[in-house]
Amino acid sequence: CRDNHLYAVNVDGSERWRFQTGEVSVPTPVRGSDHVVYVVMATVFSSPAIGADGVIYVGAWDYNLYAINADGSERWRFLTGDAIYSSPSVGADGIIHVGSSDSNLYAVNVDGSERWRFQVGDSLFSSPVIGTNGVVYVGCRDNHLYAVNVDGSERWQFRTGGNVDSSPAIDS
């Protein structure tokens, strides 16, 4: 909330707890399997993603995708060519996918090395979504929704009527 608090609200609408953050938080908080709530402060627009091993992944304005251990220590950082506004997604295989303002969708291995990159026509603000078959879907400011295969090749693209900044959703 813009009152510098993170709130937990019960299903009946009553306040469960509040935590004073010290500054406005922009990204969406994420709850880990350990029931810990992870939130990133206003210097980052990317919401965190948590891998099966508990590693937290978040993109930043300094062009880096960060891997952070559960104890808060940095595991590694992966440098892209521009700011990261999209939230990373972690596949069932542990591969981390993130879009950058440098017009690339990146697939990053769990050790922080680049697996592949897929170039689009403009900045990526949309967060990638991974299908059950491993295909990555991401919207772009070039008026397209892209489907990218697990090897980084294009599966298809769909032309929209304008910028795609929101994240796609996958139906069963």
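Preceding this paragraph is the structure being described.
Right, let's walk through the structure included here. (Residues numbered from 1 in each chain as written. Predicted model: local features only at pLDDT ≥ 70, side-chain atom pairs only at ≥ 80, totals over all residues. Heavy atoms only, no water.)

1. Quick notes on the sheet that holds strand 10 (residues 96-99)
Ordered in space as 9-10-11-12, the four strands form an open sheet in which the pairing is antiparallel. Here the strands that pair on one side only, and so sit at the sheet edges, are strand 9 (89-90) and strand 12 (114-119). (Pairing = 2+ DSSP bridges. Helix = DSSP H or I, 4+ residues; strand = E, 2+ residues; numbered from the N terminus.)

2. Quick notes on the sheet that holds strand 16 (residues 154-159)
Spatially, 13-14-15-16 is the arrangement adopted by the four strands of the open sheet, whose pairing is antiparallel. Edge positions in the open sheet fall to strand 13 (129-130) and strand 16, since each of these has one partner strand only. Taken together, the two bridges between strand 13 and strand 14 (residues 136-140) define a ladder with antiparallel strand orientation. Following the sheet pairing, V129 is matched in strand 14 by Y137.

3. Points about the environment of S167
In this structure, S167 sits in the segment after strand 16. Those residues in contact with S167, other than ones at most four positions away along the chain, are S126 and S127. For S167, the side chain forms a polar contact with the main-chain nitrogen of S127, separated by 3.0 Å. (Contact = heavy atoms within 4.5 Å. Polar contact = N/O pair within 3.5 Å; in protein donor to acceptor, adjacent residues only side chain to side chain.)

4. Here's the deal with the pairing of strand 14
Looking along a regular strand, one sees the side chains alternate between the two faces of the sheet. Taking burial as the measure, the five residues of strand 14 include five buried ones, the bulk of the element. Because side chains alternate across strand 14, one face comprises the buried residues V136, V138 and C140, and the other comprises Y137 and G139, equally buried. The antiparallel hairpin formed by strand 13 and strand 14 contains five residues in its connecting segment, where G134 sits at a positive phi of about 90°. Sheet analysis places strand 14 next to strand 15 (residues 144-148), joined by five bridges and oriented antiparallel. Within the sheet, the bridge partner assigned to G139 lies in strand 15 and is L145. A loop of three residues connects strand 14 with strand 15, the two strands running antiparallel in sequence, and N143 in this loop sits at a positive phi of about 70°. (Buried < 20%, exposed > 50% of the residue type's maximum accessible area, 1.4 Å probe, protein only.)

5. Digging into the pattern of salt bridges
Scanning the model with the defined rule gives four salt bridges in all. The residue R77 makes a salt bridge to E74 at a minimum N-O spacing of 2.9 Å. Under the relative-accessibility criterion, R77 is labelled partly exposed at 46%. By relative accessible area, which is 40% here, E74 ends up partly exposed. (Salt bridge = Lys/Arg side-chain N within 4 Å of Asp/Glu carboxyl O.)

6. Topic: the side chain of H97
With respect to the element layout, H97 can be found in strand 10. With relative accessibility at 5%, the residue H97 sits in the buried group. Apart from residues lying up to four places away in sequence, H97 is in contact with S87, P88, S89, Y106, A107, W116, P128, I130 and V136.

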